[in-house]
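The chain contents come next:
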Amino acid sequence: MKTKIPENVTIFDTTLRDGEQSPGVSLTPQQKVEISRSLDALGVDVLEAGFPITSEGEFEAVKTIANSGLNAEVCGLARTKQEDIDSCLDCDVDRVHTFIGTSEIHMQHKLRMTPDQVIAKAIEAVEYCTDHGVKVEFSAEDASRTKIEFLKDICVAVTEAGVSTINIPDTVGVAIPSAMVWLVEEVKSVSNAEISVHCHNDLGLAVANSLAAAEAGAEQIQVCMNGVGERAGNAALEEVVVALKYMYGIETNIQLNKIFDTAQLISRLMRFPIPANKPLIGRNAFAHESGIHTHAVITSPYTYEPISPEAVGARRRIVSGKHSGGHGVNETLQNAGIIVTQPQLREIVSRIKALGDKGIRITDPDVEVIGKAVLESTPEDQRVLQLEELLVVSGTKVTPTATVKLLVDGEKVLVAENGVGAVDAAIKAIQSITPKSGKFILTDFRMDAITGGSEAVADAQVTVEDEFGNRATARGVSEDIVTAGVEAIIEAVNKLILTK
Ligand code: KIV
Ligand code: ZN
């Protein structure tokens, strides 16, 4: 494919300006400074630190960032008003990014200005910046809905006024890739300034539109880390730079292996969670659950991964659930140092699938405790006691009762007992039907919810002791805490019987 894509594409990051305009996001000056450092370390070429006229805190943040010796060029946003530009100049920014609406809808309904007045304001702003010795970037806001002849006229005017960069924003995210190509070509036909694009993601096309613009020769792309920004956000920095590298062979100055950590820091400070399925940085971006996928990925990662997770500083996750197969589960167990036999692995997988079928989300720690429970359990053919059925009744105004059906040496025994609680009632029921173990008492009972939440997998660990002082410990794992406790006790009693 032949494109006009430049060899060097400049990454203009606006996480701290358009990104901070995301509804609900507000950063302190200190947080902005912290983010600016991490974006600088990431390697952005231009860093739009904010819109200094908007508040004292914003002014303080932009000024501190501009004077903090970053490698990136620091930019401030300004309307075409002198006071906005003065505010940027007072912050000592390297570049002023000035903008004015150029579509009919913006000129008539927002600015209430004629096209001639808009052009005059744009020229005045650009000249004011160049007169003050600062680089100037001009944005024709809502360019993608601007009449093309007027867009070209204003671009000619700002070019003659000394603009360094012309930015073409798709302000409400309505462009399609072919339209971006056309817009860039049209603007390039009348201006020799550097051409930039700024694409919003209202229709999910921000990254595709940015790449199309680069294919048409745009030298700069405005992006936000994690795709944050007004409404549905801006083109995601990480997606644009990874696509440039892997799809077009274009290197930027971005250190790809810092992407994941930078994304997490920004998400945390902005209190803006990253969706699980967000490309490259989401929790699921390099996670595999289905047996077919995990088996293939473990053998050869490129079967189901476009790039290696390490390339962006992320890690592959093998997730367990109802789609899991033995390979994936075994990998999770081995990573936790748990080595199991094939029959044990089959039992672990079947328990995981059973939990998955009940809609329970299974995490790696859950897999580990299930693995340990199976590993520590008595082999099926040696179990004297087997739980067949368990029914408990408990509540505030009822006597806790447990009905337990056990297989004792292959024979069905059913018994019901009362207790102070459901687990206590179940223990009493088991005690009444376990003559081989003699009397036993529960000396330790510990219950952990592995990953928290009411749906978490419960891990019960118990110790039982018989009348001769013999002890046995065991664990039971289930989505239900009473079942986990009862299974652990039965397992421990089995062990007691076997030691006799
Ligand atoms: O979306 C937009 O048009 C903007 C401009 C200020 C560049 O954010
Ligand atoms: Zn924007």
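The sections below set out a description of the structure shown in this document. (Residues numbered from 1 in each chain as written. Chains lettered and ligands numbered in written order. Predicted model: local features only at pLDDT ≥ 70, side-chain atom pairs only at ≥ 80, totals over all residues. Heavy atoms only, no water.)

Let us now look at the side chain of T165. With respect to the helices and strands, T165 occurs in strand 6 (residues 165-170). Classification of T165 by relative accessible area gives buried; the value is 2%. Contact partners of T165, with chain neighbours within four places excluded, come to R95, V136, E137, F138, E194, S196 and Q220. (Helix = DSSP H or I, 4+ residues; strand = E, 2+ residues; numbered from the N terminus. Buried < 20%, exposed > 50% of the residue type's maximum accessible area, 1.4 Å probe, protein only. Contact = heavy atoms within 4.5 Å.)

Taken together, D18 (OD), H198 (NE2) and H200 (NE2) make up the protein donors of the zinc ion (ligand 2), found 2.0 to 2.1 Å from the metal. The exposure class of D18 is buried, given its relative accessible area of 3%. (Donors = N, O, S within 2.8 Å, 3.2 Å for Na, K, Ca; no water.)

Near ligand 1, the surroundings consist of R17, D18, H97, F99, S139, E141, N167, P169, T171, H198 and H200. Measuring from an oxygen atom of ligand 1, one finds a side-chain N or O atom of R17 at 3.0 Å. In isolation ligand 1 has 260 Å² of accessible area, and contact with the protein removes 94% of it. Those elements giving two or more residues to the shell around ligand 1 turn out to be strand 4 (95-101), strand 5 (135-141) and strand 6. By residue class, the composition of the shell around ligand 1 is 2 nonpolar, 6 polar and 3 charged. (Near = heavy atom within 4 Å. Polar contact = N/O pair within 3.5 Å; in protein donor to acceptor, adjacent residues only side chain to side chain. Areas by Shrake-Rupley, 256 points an atom, 1.4 Å probe, with all protein chains shown as cover. Nonpolar A, V, L, I, M, F, W, Y, C, P; charged D, E, K, R; others polar.)

Moving on: the sheet that holds strand 12 (residues 401-408). The strand order across the open sheet built from 3 strands is 11-12-13, with neighbouring strands paired in antiparallel fashion. Two strands in the sheet have a free side with no partner beyond their single neighbour: strand 11 (385-393) and strand 13 (411-418). Geometrically, the sheet is characterised by an average inter-axis angle of 15° between neighbouring strands, direction not taken into account. Where strand 11 and strand 12 come together, 8 bridges link them in antiparallel fashion. Across the sheet, residue V393 finds its bridge partner in strand 12, namely T401. Helix 16 (residues 481-499) contacts strand 11 and strand 12 of the sheet and is inclined by roughly 150° relative to strand 11. (Pairing = 2+ DSSP bridges. Axes fitted to C-alpha atoms, helices over the stretch in contact; angles between N-to-C directions.)

So, about the packing of aromatic side chains. The description of an aromatic ring pair uses the distance of the two centres, along with the angle that the planes make with each other. In this structure the tally under the stated criterion is 1 aromatic pair. With a centroid separation of 6.2 Å and 70° between ring planes, the pair formed by F51 and F99 is classed as edge-to-face. Linking F51 in the loop between strand 2 (46-50) and helix 2 (56-66) with F99 in strand 4, this pair joins segments that are 48 residues apart in sequence. F99 matches F51 in its accessibility class, with the two residues each being buried. Between K245 and the ring centre of Y246, over which it is positioned, the NZ or CZ distance is 5.5 Å. (Phe/Tyr/Trp six-rings, centres within 6.5 Å; stacked < 30°, edge-to-face > 60°. Lys NZ or Arg CZ within 6 Å of the ring centre and 35° of its normal.)

Turning next to the packing of helix 1 (residues 29-42) against helix 2. Between helix 1 and helix 2, the least distance of the axes is 9 Å, while the angle of their chain directions is 30°. The orientation of helix 1 with respect to helix 2, classified from their angle, is roughly parallel. Crossing handedness for the pair helix 1 and helix 2: right-handed. The segment helix 1 lies against helix 2, with P29, Q30, K32, V33 and S36 engaging G57, E58, E60, A61, T64 and I65. By residue class, the composition of the contact of helix 1 with helix 2 is 4 nonpolar, 4 polar and 3 charged. (Parallel < 35°, antiparallel > 145°, perpendicular 65-115°, else oblique. Left-handed = near helix turned anticlockwise from the far one by under 90°.)

For side chains of opposite charge, pairing can occur when their charged atoms come near one another. Under the defined criterion, the tally for this structure stands at 28 salt bridges. Note that D18 and R17 form a salt bridge whose closest N and O atoms lie 3.6 Å from each other. You can call R17 buried: its relative accessible area is 8%. In this structure, K135 and E73 form a salt bridge, with 3.0 Å as the shortest nitrogen-oxygen distance. (Salt bridge = Lys/Arg side-chain N within 4 Å of Asp/Glu carboxyl O.)

The 8 strands are arranged 1-2-3-4-5-6-7-8 in a closed barrel whose pairing can be described as parallel. Across the sheet, the mean angle from the axis of one strand to that of its neighbour is 25°, orientation sign disregarded. Strand contacts of helix 1: strand 1 (10-13) and strand 2, with the helix running at about 175° to strand 2, the strand carrying the most contacts. In the packing of helix 5 (residues 115-131) onto the sheet, the strands contacted are strand 4 and strand 5, and the crossing angle to strand 4 comes to about 175°.

Along the chain, R361 turns up in the loop between helix 13 (342-357) and helix 14 (364-376). Owing to a relative accessible area of 60%, R361 belongs among the exposed residues under this scheme. When the C-alpha atoms of R361 and L205 are compared, they prove to be 32 Å apart, with 156 residues separating the residues in sequence.

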